[in-house]
Amino acid sequence: VYISIEAKCGFVIILMAVYWCTECIPLAVTALLPVILFPMMGIMQSGKVCVQYLTDSNMLFIGGLLVAIAVEHWNLHKRIALRVLLVVGVRPALLMSGFMGVTAFLSMWISNTATTAMMLPIAQAVLAQLSATEASHDEREFQGQGKENQAFELEIKLPKGEPFTTKLDLERDLDTTLERRRKEREMKYNLLTKGMSLSVCYSASIGGTATLTGTTPNLILKGQMDKLFPDNGDVINFASWFGFAFPNMILMLILSWLWLQFMYMGFNMKKSFGCGKKNEGDEEAYAVMKEEYKKLGSVSFAEGAVLTVFVLLVVMWFTREPGFMPGWATILFNIDGQFVTDGTVAIFMSMLFFVIPSRPFWYTEEEDAEEGNEGTKKHKAPPALLEWSVVHERMPWNIILLLGGGFALASGSEESGLSLWLGESLAPLKSIPPFAISLLLSLLVGTFTECSSNTATTTLFLPILASMATAISLNPLYVMLPCTICASLAFMLPVATPPNAIAFSYGNLKVMDMVKAGFVLNMIGILTINMAVNTWGDAMFHLSTFPDWANVTHGIKP
């Protein structure tokens, strides 16, 4: 029986989709299936398949991860977080906005999981201190009332016929009131804990969408664009992605904060924002954060060096090819083509971590000294900012294979002609308005990512979306951009993403708590992304026109 090459490629994609959704074998192992199946089925040569597993996008991912590992290794992220929280203060609404802002900022640069795991214990400690201080304040208040009532009881003269209130009755009333206050306080802080846990895990997912290296789906989009549309002129780079995604992230963060504030704290402005003087509980909770910050000590040479390299990397990413003016790479290297990319910069800057010492050479410690042959002390060179053993332990190698598997699938779809077949099959969609197509696909991806890895979701959907867009003469980015960001909006289930699972274990949360809060946030996310695509996204990427680079790649005339 003759089976077409398109059908064989379709079988591989369906098989991998099932394996990724069910996780019957590890995700990274599933990603290696094209290395076996594509050559055996005659879809692609082995050499061409294997090259897809270490592309420029993979290098950008590795470079970004090396920076994140260095930041985590020297605890720089914790210092930044606590410093900002000390400025924000401990009033509930301000505290929540502070935690959300810091978490989102950190997850732009380091992994969402690491950010959530670091921020949640700090949030729990502050809330526990606020609760304990409020409890001791209530007890002191009622003890004082008890003494007043005892003194008052000796002097009072009740009219004839009225029952005399005994000391026992007064104590019983005080105990009842204290118990009622305790239950109210527990309920209040239970809600606060839930709200704070959700705010941290959600803002980690939202923050990751703002930068190209913030979360894996963003890099998959970059890789798929370069693979499917090689003449795209580097339309997606660090600067252009940030210009589009950062305002959207800020908008989503504000709306998410308002929704969680409404759900778990209400809108009592005086109580939430703390108009008026600070109370004792605020001061003691603030002291907890201050104590945590003091434990970090003064800023070390290593932290300063890591921060300097990190800032330089971000500046070089933004100025490489800003779009509105020629960048340094355009002038120096990219005159005749795309020689220097964001991946080049990421690897160059991250290599500095293995060269720069963690202490200045003139600063020595006893542990760096060792006895020489004649009893003299010899000083060893201080260790570098990063050592390979640390990288080996913390680098998520599985994600690199996942990325490669996605690029191999996209390449196989192109080689086999499956992309062209899919595009032609979806041609009737041309009659539907583009904004409706974008909205429906965003809903589909947002639903799918709740029960599948966001990496697997993006890998499966993007090549199909690209084929559909070219078939109906729609700018591929018009559907690929919103769907990529929607793949990161897994807010409804604890198993949807690691930050959700961490929050679920910390915050006394039930599944329904996450579903109720997450459903609204999913809708907020989908609507804001589609608004972004049709406003500033259109202005930045000319999304309302069908570009030449998409036309040439597929040979389809608009």
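Everything numeric in this text was worked out from a predicted model, so none of it was measured. (Residues numbered from 1 in each chain as written. Predicted model: local features only at pLDDT ≥ 70, side-chain atom pairs only at ≥ 80, totals over all residues. Heavy atoms only, no water.)

**Description of the overall build of the protein chain**
Counting secondary structure elements, the protein chain contains 26 helices and 2 strands. Within the protein chain, the proportion of its 558 residues that are buried is 50%. Contacts spanning at least 24 positions in sequence make up 79% of the contacts within the protein chain whose residues lie at least 6 apart. Total accessible area on the protein chain is roughly 26,000 Å²; 65% of this is exposed by carbon and sulfur atoms. (Helix = DSSP H or I, 4+ residues; strand = E, 2+ residues; numbered from the N terminus. Buried < 20%, exposed > 50% of the residue type's maximum accessible area, 1.4 Å probe, protein only. Contact = heavy atoms within 4.5 Å. Areas by Shrake-Rupley, 256 points an atom, 1.4 Å probe, with all protein chains shown as cover.)

**Points about the UniProt feature "transmembrane region" (unreviewed entry) in the protein chain**
The sites that UniProt annotates as "transmembrane region" (unreviewed entry) are residues 12–38, 59–76, 82–110, 191–215, 235–260, 299–319, 339–356 and 519–537. A distance of 28 Å separates the end C-alpha atoms of residues 299–319, which is 90% helix and 0% strand. Along residues 519–537 one finds 95% helix and 0% strand; the C-alpha atoms at either end are 25 Å apart. (UniProt positions renumbered as here; feature names shortened; annotations may be inferred.)

**Side note on the packing of aromatic side chains**
All told, the structure shown has 15 aromatic pairs when counted by the stated rule. Here the aromatic rings of Phe238 and Trp317 are separated by 4.4 Å at their centres, their planes lie at 20°, and the arrangement is stacked. With Phe238 in helix α11 (residues 238–264) and Trp317 in helix α14 (residues 301–320), this pair connects stretches of sequence that are 79 residues apart. Among the aromatic residues, those joined into a cluster by ring pairs are Phe105, Trp109, Phe238, Phe242, Phe246, Phe310, Trp317 and Phe318. Between Arg79 and the ring centre of Tyr293, over which it is positioned, the NZ or CZ distance is 5.7 Å. The ring of Tyr293 has Arg83 sitting right over it, with the charged end atom 5.1 Å from the ring centre. (Phe/Tyr/Trp six-rings, centres within 6.5 Å; stacked < 30°, edge-to-face > 60°. Lys NZ or Arg CZ within 6 Å of the ring centre and 35° of its normal.)

**Details of the environment of Met395**
For Met395, the position within the fold is in the loop between α17 (388–394) and α18 (397–416). When the C-alpha positions of Met395 and Ala68 are compared, they lie 9.7 Å apart, and in sequence the two are 327 residues distant. The contacts of Met395, once residues within four sequence positions are left out, are Ile62, Leu65, Leu66, Ile69 and Ile400.

**Considerations on unusual backbone geometry**
The phi angle at Glu23 is positive, at roughly 50°, despite the residue not being glycine. Secondary-structure assignment places Glu23 in the loop between α1 (5–22) and α2 (27–30). Exposure remark for Glu23: the relative accessible area of 52% places this residue in the exposed category. Although it is not a glycine, Asp234 adopts a positive phi angle of roughly 55°. Summarising the element assignment, Asp234 is placed in the loop between α10 (216–228) and α11. Here Asp234 falls in the buried class, since its relative accessible area comes to 8%.

**So, the environment of Ala125**
Checked against the element boundaries, Ala125 lands in helix α8 (residues 112–155). As a C-alpha pair, Ala125 and Met289 span 164 residues in sequence and 8.5 Å in three-dimensional space.

**Quick look at the pattern of salt bridges**
Scanning the entire structure with this criterion turns up 6 salt bridges. Asp226 is the partner of Lys222 in a salt bridge, and the nearest nitrogen-oxygen pair spans 3.3 Å. Placement of the pair is Lys222 and Asp226 together in helix α10, with a separation of 4 residues, close to one helical turn. Taking the relative accessible area as the measure of exposure, Lys222 reaches 4% and is therefore buried. The exposure class assigned to Asp226 is partly exposed, which follows from its relative accessible area of 29%. Among the ionic pairs, Asp234 bridges to Arg320, the shortest N-O distance being 2.6 Å. One end of the pair, Asp234, is in the loop between α10 and α11; the other, Arg320, is in helix α14, with 86 residues separating them in the sequence. Grouping residues by exposure puts Asp234 and Arg320 together as buried. In this structure, a network of salt bridges that share partners links the residues Lys222, Asp226, Asp234, Arg320 and Asp342. (Salt bridge = Lys/Arg side-chain N within 4 Å of Asp/Glu carboxyl O.)

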